Amino acid sequence: MTSAIEERVEKKAPAVLTEDLSIGDMFEMFTGEEAEGDLKAGLGAEELSELRKKVPRAISWSSVQESVADSLAEAMHVSVLATLANGWKHYTMFMEDVRRSRSNPEVEIVSAIADHSIHSTLHPFVDVRLGGKTVHEIAFDVSLVTTIRGLLLGLKKGEIVSVEMGDCEWTGKIAVAEVEVLERKLKKLALPGHLRLKRGIAIPIS
């Protein structure tokens, strides 16, 4: 028997990579519920019992939960393509093409990157304050592992202006105080073919 959540997932149109796709969208697209609801469900006292012990009793635990959920939601608005671009800048041949595109601003250069995986992690945190002073810092990780095959990047004036991928798979995890609260197993991302960006992604050259 198909569950209600599975039925909702089947009815949803496949999420397609766009320049506005966020990390939060990635976590939401393969469930029947919003990721925010999943996050709040995973921030209970039982899962984070050790963290709760470190928070002074004078501070409302519910307000700490809410602050963590809000900070995570903000972190998950980060663009997926911007996150991937941050990983691509570590490829020597790609950076050589970026330099060429800056030297030849009238020409669009297509840079081919070999099949690869990018490990991306965001490290937001929440300060728990009492009497104007920080009494505890809650650190958490939002991590993605993205495996890409058949990648072509169009470059102009040192910016990525187009993206074309043959295949893209990813896994994602969110952990608070080293306790995993949300995970998405290996998923495929639907690709649009040749994606022309309305806003180029600048690649800084050190």
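This structure is a prediction, so every number in the text was calculated from the model and none was measured.

This paragraph deals with the packing of aromatic side chains. On inspection of all chains with the given rule, the structure shows one aromatic pair. Taking 5.7 Å as the distance between ring centres and 70 degrees as the angle between the ring planes, the aromatic pair formed by F27 and W170 counts as edge-to-face. Taken together, the residues F27 in helix α2 (residues 23–28) and W170 in strand β7 (residues 167–176) connect sequence positions 143 residues apart. Note on accessibility: F27 and W170 belong to one class, buried.

Looking now at the pairing of strand β1 (residues 109–113). Of the two faces of β1, the one holding I109, S111 and I113 is buried and the one holding V110 and A112 is not buried anywhere. With five bridges connecting them, β1 and strand β5 (residues 151–156) associate as antiparallel partners. By the bridge assignment for β5, I109 is matched with L155.

For helix α6 (residues 80–88), the buried fraction is high: seven of the nine residues fall into the buried class. Backbone nitrogen of L81 and a side-chain oxygen of the N-cap are separated by 3.3 Å at the start of α6; the cap is S79.

Quick notes on the rules
- Residues numbered from 1 in each chain as written.
- Predicted model: local features only at pLDDT ≥ 70, side-chain atom pairs only at ≥ 80, totals over all residues.
- Heavy atoms only, no water.
- Phe/Tyr/Trp six-rings, centres within 6.5 Å; stacked < 30°, edge-to-face > 60°.
- Helix = DSSP H or I, 4+ residues; strand = E, 2+ residues; numbered from the N terminus.
- Buried < 20%, exposed > 50% of the residue type's maximum accessible area, 1.4 Å probe, protein only.
- Pairing = 2+ DSSP bridges.
- Polar contact = N/O pair within 3.5 Å; in protein donor to acceptor, adjacent residues only side chain to side chain.

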